[in-house]
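So you can see what is in the structure, the chains are spelled out below.
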Amino acid sequence: MFEPDEQFRVYLGLPLGNHWSGARIGKNNMATITISNDEDAPTIEFEEAAYQIREPAGPDAIAILNIKVIRRGDQNRTSKVRCSTRDGSAQSGVDYYPKSRVLKFSPGVDHIFFKVEILSNEDREWHESFSLVLGPDDPVEAVLGDVTTATVTILDQEAAGSLILPAPPIVVTLADYDHVEEVTKEGVKKSPSPGYPLVCVTPCDPHFPRYAVMKERCSEAGINQTSVQFSWEVAAPTDGNGARSPFETITDNTPFTSVNHMVLDSIYFSRRFHVRCVAKAVDKVGHVGTPLRSNIVTIGTDSAICHTPVVAGTSRGFQAQSFIATLKYLDVKHKEHPNRIHISVQIPHQDGMLPLISTMPLHNLHFLLSESIYRHQHVCSNLVTTYDLRGISEAGFLDDVVYDSTALGPGYDRPFQFDSSVREPKTIQLYKHLNLKSCVWTFDAYYDMTELIDVCGGSVTADFQVGALGLV
């Protein structure tokens, strides 16, 4: 229970001393002690600092916006506060009805709705806003909180780009997609891992903090989460002088990843990089709204999954990695791949690395990843899928098998690692070959000798015999 400031006084009296002149009390013979208890003080504020509502359709139509004013702390007393509208670019009497009234919080009441009526204005050509304020007089039996002003944006029916998400999106690591509210609380400092994807969480996503409130606003604005458009921006690490490079929009898709998806793969960032997402709402008829940028996240340095050793070369360059490749002949008795050559490739993984394997030389990696025409000659590689190989070859390093992370065990059981509702199928098709515990990529392909020579570019330079181990 909240108690107002209480005081008591301490007095000095009856002085005693061993000095021949005795002892006496000075002028400051009294002290006042004040006991304050602000923790449970009734505190009144708006629930949100920003609201939006679409302009009602029709010349005489009215839209109702309910603004929630909340009281925290002790609720055993009756508290009062005045709430009023204030003009901005939106004008009272033209865009909304002006209003000012005293809100009375009876004992036990923790919130009151302040209703505002929005008018149709056929002359408006862009979205406009006005404010709600608590005060100016001090509240009765309460104090004001931090959110004493709220901005209301009226979205015009005809203005291009007027549709906007009710709150900026939030970027977290995909591993925390189920715990967005916990990891974004004030005072919580958790940097995303350089070895796991990022996810852009919009207010229309059920994983967004306070989604119960945002869901209604998304519905009122006609925003569907599945229609939201995404893009991503990245900036290089801050230099020694504290200067940060400008953000650049990521534009290059690969055969395995997309840059206009809610999830950004870890190949696009590294330690200390700064990343943010951009989300645009789309209405039912396909009109794209105003973009909203997320918070900026800085990729961590101590949360790596597969540590990257220090190697020579440029920090963002392409470098060859050590690997193990084996060829083994499977005789006619083999149940699944009789009379085939089994090619197995194992590559150590480093955070942010994208493994590329092919029986043909790899040149111009940028175009090879971003332009499909450059991948046509790499038939026997992990750059093409079995769908791409139809009519050319039945074998390949990538297959269409759906992996069950629970069946595969450690290394394949991280949050949303193979969740097709969050990650793209083409991304899962690649990453199912990566064990994040052993940090090793494993690719297997089974070709007959004719395919190896005619399709994969191989050649027989000498006679050979199958040894005891079956290695060719």
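None of the values given here were measured: they were computed from a predicted structure.

1. A short note on the packing of aromatic side chains
According to the stated counting rule, one finds 7 aromatic pairs in the structure shown. By the ring-pair criterion, three or more aromatic residues cluster together here, those being Y431, W441 and F443. Taking the ring centre of F247 as reference, the NZ or CZ of R276 above it sits at 4.0 Å.

2. Things to note about the environment of M214
Topologically, M214 is positioned in helix α2 (residues 211-221). Looking at M214, the relative accessible area reads 1%, which means it is buried. Aside from chain neighbours lying at most four places away, what touches M214 is E48, P166, A167, P203, F208 and P209.

3. Focus: the sheet that holds strand β22 (residues 434-435)
What the 4 strands build is an open sheet, ordered β20-β21-β23-β22; its pairing is antiparallel. Each edge of the sheet is formed by a strand with only one pairing partner; in this case those strands are β20 (324-330) and β22.

4. Some words on the confidence of the model for the protein chain
Detailed reading of the predicted coordinates is not advisable wherever pLDDT is low. When pLDDT is averaged along the protein chain, the result is 84, and 87% of the positions lie at 70 or above. Every residue in residues 310-318 is under pLDDT 50, and counting partners more than four places away or in other chains gives 6 contacts. Every residue in residues 464-472 scores below 50 in pLDDT, and together they form 12 contacts with partners more than four places removed in sequence or on other chains.

5. Focus: the environment of S227
If you trace the backbone, S227 turns up in the loop between α2 and β14 (229-235). The spatial distance from the C-alpha of S227 to the C-alpha of K284 is 8.8 Å, given a sequence separation of 57 residues.

6. Quick notes on α2
Within α2, the full set of buried residues consists of M214, R217, C218 and A221. End-on, the buried residues of α2 take up no more than an arc of 100 degrees, which puts them together on one face. For α2, exposure combined with an orientation more than 90 degrees from the buried face picks out A212, E216 and S219. Contacts made by the buried residues of α2 are with β4 (50-54).

7. Structural notes on the nonpolar core
Nonpolar side chains in soluble globular proteins tend to be buried together. Counting 77 residues, the largest nonpolar core has I223, W232, V275 and Y447 as the members making the most contacts within it. Membership of the second largest hydrophobic core comes to 25 residues, among which are A63, A90, F130 and A150.

Calculation rules
- Sequence order as written defines the numbering, with residues in each chain counted from 1.
- At least 70 in pLDDT is required for a residue's local features to be given in this predicted model, at least 80 for side-chain atom pairs to be given and counted, and no such filter applies to totals for whole chains, interfaces and linings, which use all residues.
- Side-chain numbers here rest on the full set of heavy atoms in the structure, without hydrogens or water.
- When two rings of Phe, Tyr or Trp (its six-membered ring) have centres within 6.5 Å they constitute a pair, described as stacked for plane angles under 30 degrees, edge-to-face for angles over 60, and tilted for the intermediate range.
- Lysine NZ or arginine CZ positioned within 6 Å of the ring centre and within 35 degrees of the ring normal marks a charge as sitting over the ring.
- Counting from the N terminus, the helices are DSSP H or I runs at least four residues long and the strands are E runs at least two residues long.
- Here the term buried applies to any residue with accessible area under 20% of the maximum for its type, exposed to any over 50%, and partly exposed to those in between, with areas from a 1.4 Å probe on protein chains only.
- Residues count as neighbours in contact if any of their non-hydrogen atoms are within 4.5 Å of one another.
- Whether two strands pair comes down to DSSP finding at least two bridges between them.
- You can read pLDDT as the predictor saying how much it trusts each residue, on a scale of 0 to 100.
- This arc corresponds to the set of directions leading from the helix axis out to the C-beta atoms.
- In plain words, nonpolar cores are sets of buried Ala, Val, Leu, Ile, Met, Phe, Trp, Tyr and Cys residues tied together by side-chain atoms within 4.5 Å.

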